[in-house]
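# Structure at a glance
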Amino acid sequence: MAEDTYTIQKEALRILRSILLPDRRLQVPYSVKAAAWRTSFDSAALSSPFLPAPIKCSESSAALWALLATFGNTIAAERYGLTDQKVVVNSDIASIFLISFWLMRVGGKPVSDPELVKRYSIYDTTRQFTFWRRLVTNVYPTRDGRWFHLHGGLNSDRSLRMLGLPTHKNVADEMEAIKRLSEGVRQFDAEWMDIEANEYWRQAGGICLTPEGYRESKQGKAVADDGLYILEEFLDEKLPPVPWPEVDTKTYRPLEGIKIVDLTRAIAGPTIAKLAALFGATVVRVSNIKLPDLGIVLLESNLGKRDAHLDLKTEKGRRSLHQLIEGADVVLDGYRPGALEKLGFGPTYVHEIAKRRGKGIVYARENCHGWKGPWMHRSGWQQISDAVTGIAWLFARMWNVDEPVMPFLPNSDFQTGIVGCIGVMNALGRRAKKGGNYLVSMSLNQLNSFLISLGTQSPEVQQSLRERWPKMKLRHYDDIHRQMRVLLSDLPKVTPQLLNPEYFTTIKADLGVPDEDMVFVGPAATYDTTKLGYNSGSCLRGTHEAKWPDEY
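Criteria and cut-off values
- Per chain, residues are indexed from 1 in the order of the written sequence.
- Under the rules for a predicted model, residues below a pLDDT of 70 receive no local features and side-chain atom pairs below 80 are neither given nor counted, while totals for whole chains, interfaces and linings still include all residues.
- In computing side-chain properties, one takes all heavy atoms of the structure into account and sets aside hydrogens as well as water.
- Note on conventions: DSSP H or I runs of at least 4 residues are helices, E runs of at least 2 residues are strands, and numbering of each starts at the N terminus.
- Burial classes follow relative accessibility: with a 1.4 Å probe on protein chains only, a residue under 20% of its type's maximum area counts as buried, one over 50% as exposed, and anything between as partly exposed.
- Residues count as neighbours in contact if any of their non-hydrogen atoms are within 4.5 Å of one another.
- A strand pair is defined by DSSP finding two or more bridges across the two strands.
- Axis lines are fitted through C-alpha atoms, for helices just across the contact stretch, and the angle between N-to-C directions can take any value from 0 to 180 degrees.
- Multiplying 1.5 Å by the residue count of a helix minus one yields the expected span of that helix.
- Centre distance within 6.5 Å is the pairing criterion for rings of Phe, Tyr and Trp, where only the six-membered ring of Trp is used; planes under 30 degrees apart are then read as stacked, over 60 as edge-to-face, and the remainder as tilted.
- Two limits define a charge over a ring: the Lys NZ or Arg CZ must be within 6 Å of the ring centre, and within 35 degrees of the ring normal.
- When describing relative orientation, an angle under 35 degrees is termed roughly parallel and one over 145 degrees roughly antiparallel, while 65 to 115 degrees is termed roughly perpendicular and anything else oblique.
- Crossing handedness: left-handed means the near helix sits turned counterclockwise from the far one by under a right angle, and right-handed means the same turn made clockwise.
- Ten residues, namely Ala, Val, Leu, Ile, Met, Phe, Trp, Tyr, Cys and Pro, are considered nonpolar, four, namely Asp, Glu, Lys and Arg, are considered charged, and the remaining ones, Gly among them, are considered polar.
- Whenever a nitrogen or oxygen atom comes within 3.5 Å of another N or O atom, the pair is scored as a polar contact, on the condition that within protein one atom can donate a hydrogen and the other can accept it, and that pairs from neighbouring residues in sequence are kept only if both atoms are in side chains.
- The working definition used for a salt bridge is a side-chain nitrogen of Lys or Arg within 4 Å of a carboxyl oxygen of Asp or Glu.
- Take the buried residues of types Ala, Val, Leu, Ile, Met, Phe, Trp, Tyr and Cys, join any two whose side-chain atoms come within 4.5 Å, and each joined set is a nonpolar core.

### Notes on the environment of glycine 220
- Among the structural elements, glycine 220 can be located in helix H12 (residues 218-222).
- Residue classification places glycine 220 among the buried positions, given a relative accessible area of 6%.
- Not counting residues up to four positions away in its chain, the partners in contact with glycine 220 are Tyr214 and Arg215.

### Topic: the sheet that holds strand S8 (residues 229-234)
- Read from one edge of the open sheet, 7 strands run S8-S14-S13-S12-S9-S10-S11, paired in mixed fashion. Across the chains shown, the open sheet's two edge strands, defined by having one partner strand only, are S8 and strand S11 (305-309). Each strand of the sheet is rotated relative to its neighbour by a mean of 20°, with strand direction disregarded.
- Bridge analysis of strand S12 (residues 330-333) against strand S13 (residues 362-367) gives 4 bridges, and the strand direction is parallel. Paired with valine 330 across the two strands is valine 362, which belongs to S13.
- Its contacts with the sheet put helix H17 (residues 347-357) on S8, S12, S13 and strand S14 (437-443), and the angle it makes with S14 is roughly 155°.

### Re unusual backbone geometry
- A positive phi angle, near 50°, is found at glutamine 27, a position not held by glycine.
- Position of glutamine 27 relative to the elements: it lies in the loop between helix H1 (8-20) and helix H2 (30-35).
- One non-glycine residue, aspartate 515, lies in the positive phi region at around 55°.
- Along the chain, the position of aspartate 515 falls in the loop between strand S15 (504-509) and strand S16 (516-521).

### Remarks on the sheet that holds strand S7 (residues 205-207)
- As summarised here, the arrangement of the 3 strands in space is S5-S6-S7, forming an open sheet in which the pairing is antiparallel. With partners counted over all chains shown, the strands left at the sheet margins are strand S5 (138-141) and S7, one partner each. Here the average twist between neighbouring strands, direction ignored, is 25°.
- The pairing of strand S6 (residues 147-150) with S7 spans 3 bridges and is classified as antiparallel. Paired with phenylalanine 148 across the strands is isoleucine 207, a residue of S7.
- Docked against the sheet, helix H10 (residues 190-200) engages S6 and S7, running at close to 155° with respect to S7.

### Some remarks on helix H20 (residues 411-434)
- Compared with the 34 Å implied by 1.5 Å per residue over 24 residues, the 34 Å span of H20 between its first and last C-alpha is a close match.
- For H20, the tally of buried residues reaches 22 of 24 residues, placing the bulk of the element in the interior.

### Focus: the packing of aromatic side chains
- On inspection of all chains with the given rule, the structure shows 9 aromatic pairs.
- With 5.3 Å between their ring centres and 85° between their planes, tyrosine 200 and tryptophan 201 make a pair best called edge-to-face.
- Taken together, the aromatic side chains of Trp65, Phe97, Phe101, Trp102 and Phe414 make up a single cluster linked through ring pairs.
- Here the guanidinium or amino end of arginine 365 rests over the ring plane of tryptophan 371, the centre of that ring lying 3.9 Å away.

### Regarding the packing of H1 against helix H3 (residues 57-80)
- At a closest axis distance of 8 Å, the pairing of H1 and H3 adopts a crossing angle of 55°. In terms of orientation, H1 and H3 fall into the oblique class. Regarding H1 and H3, the two cross each other, and that crossing is right-handed. Of H3, the residues touching H1 (which contributes Ile8, Glu11, Ala12, Ile15, Leu16 and Leu20) are Ser58, Glu59, Ser60, Ala62, Ala63, Leu64, Ala66 and Leu67.
- Of the residues contributing to the contact of H1 with H3, the split by class is 10 nonpolar, 2 polar and 2 charged.

### Some remarks on the side chain of serine 385
- By the element assignment, serine 385 lies in helix H18 (residues 382-388).
- Here serine 385 falls in the buried class, since its relative accessible area comes to 0%.
- In this structure the side chain of serine 385 is engaged in a polar contact, spanning 2.6 Å, whose partner is the side chain of asparagine 445.
- The contact partners of serine 385, leaving out residues within four places of it in the chain, are Cys368, Leu444, Asn445 and Asn448.

### Some words on the pattern of salt bridges
- Counted under the stated rule, the structure contains 42 salt bridges.
- Here aspartate 490 makes a salt bridge to lysine 493, at a shortest N to O gap of 3.3 Å. Within this pair, aspartate 490 and its partner lysine 493 are both found in helix H23 (residues 480-494), separated by 3 residues, close to a single helical turn.
- The class of aspartate 490 is buried, set by a relative accessible area of 7%.
- With a relative accessible area of 59%, lysine 493 lands in the exposed category.
- Several salt bridges converge on common partners, so that one network encompasses Arg134, Glu174, Asp478, Asp479, Arg482 and Arg485.

### Digging into the nonpolar core
- Counting residues in hydrophobic clusters, the biggest one holds 121 residues, and the most contacted among them are Leu20, Trp65, Leu68, Tyr229, Leu255 and Phe279.
- Leu135, Tyr140, Leu163 and Val223 belong to the second largest nonpolar core, which has 32 residues in total.

### Examining the side chain of glutamine 415
- Summarising the element assignment, glutamine 415 is placed in helix H20.
- One polar contact links the side chain of glutamine 415 to the main-chain amide nitrogen of serine 61, over a distance of 3.3 Å.
- Looking at glutamine 415, its side chain comes within polar contact range of the side chain of asparagine 411, at 2.6 Å.

### Some thoughts on the pairing of S15
- Of the strand pairs in this sheet, S15 and S16 are connected by 6 bridges, and their pairing is antiparallel. Among the inter-strand pairings, threonine 506 is bridged to a residue of S16, identified as valine 519.
- Taken together, S15 and the strand that follows it, S16, pair antiparallel across an intervening segment of 6 residues, in which glycine 512 is found at a positive phi of about 105°.

### So, the packing of H20 against helix H21 (residues 444-453)
- Viewed as axis vectors pointing N to C, H20 and H21 meet at an angle of 100°, and their least axial separation amounts to 9 Å. Taken together, the axis directions place H20 and H21 in an arrangement best described as roughly perpendicular. Here Asn411, Ser412, Asp413, Gln415, Thr416 and Val419 of H20 lie close against H21, whose contacting residues are Leu444, Leu447, Asn448 and Leu451.
- Each residue belonging to the contact of H20 with H21 can be placed in one class, and the counts come to 4 nonpolar, 5 polar and 1 charged.

### Some thoughts on the pairing of S12
- Residue alternation in S12 divides its side chains into two sets, Val330 and Leu332 and Val331 and Asp333, and both sets are buried.
- Two elements, strand S9 (residues 259-263) and S12, share 4 bridges in a ladder whose sense is parallel. Opposite valine 261, over in S12, you have valine 331 as the bridge partner.

What follows is the structure in structure tokens.
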């Protein structure tokens, strides 16, 4: 193979060594930079880009997995003396990690199986998956010739009322719903929709901008200098260094003994916690069984976690959370910006809890738009970030269409999850050496801006991808569910290697059926000695008490 031949592995290595490690904004310690020379990429994985996307999803995910694994390797060296341990990252697995919950099997059944759908649909308390309500979350043309990504979140009522449409409607099929919803959006200009949805109805939405348009926007300029994460330390004489926990281990996972409170929903935030659990952390997810949730995602994102029901709008619930945080090393916040502050558990008060107990806490938070600028307060989802940052128009350019096309996978969600876990590991390592409290902030938009900065696939690669995936030339109204039907149907024919059984792991689940196995995408990183894995399979919401395991 010629030296200058482009491969996923070469590009991932370039991203790791030439972009991520030297980025001063990420504050990568020297020990991690040194350990990176013991991180490599599996040459047995597919070498040519294979996902039907113009952006470098596989390369970016593999590079971020490599940085995460290298941070983990550095911690394992400090804790267990594994100073010469090597780690190999498989870019195939790093790629299917981005669609992992669609590839999961529970009790031998795919997530599309009617019996399994019935089980996780109990979390769809607002009936979001009817044609009418699901397709609110989609791109539609506006009166002034632009495009707006409407979003229903976990309850489409507000978006529908904003358009003057009924909150529930029986329609014959998806195309009828799309037609009626498109007519509703076309009544208004894009700017009107943007302000009305976000500022009055407090519902996520965004104008589909080009990458150039986003960079020139007030929000784009406000966060232009931010890195993939922002790491802030607050040193205090009351907060001395916190040694890594003493553990009796046979797996030598980097985060064993670390306790994490997971206050997140959807995909990005839960992925941070899921990865931390993979690397050995004890995670308690705080959920509310009265609220809607993404059931299909939850079945996989609860891997390795304990899940406890708390109503944080009650004094009892707030007291229980307070007690949980008193024993925690990390608190993850994935709610709308400001939501936990209103409940009394923003970073200021959580850090005060740390001072009172004399042991620092890492507070990690993720949002859509970033932590400064005019959109900072807005709620958001992966689709909104892909719309406003220009990702959707890059997909349009690849397919030579004159309308934004949404990505077929929640790439920015999952990769922001990797970034968040990297930031948490960095902060914990600093706490072990310097003490103090830490604040780690990341956003979907910053991930997408990073991805865009890597450049798109070459014209030749994009042409080959169009030829391999002709059915993936889709329209603005093809939401992620419509797209995934096509992708999953063609995947075994186009790239059968991605379904290699060796890429998957089996564990006992706690999803309502006794002695049930779940099969899921395994870790993309493999160490010489350290064995990544989960302490338990996924569980249903409210399965556990809001306590740490050593408190029972």
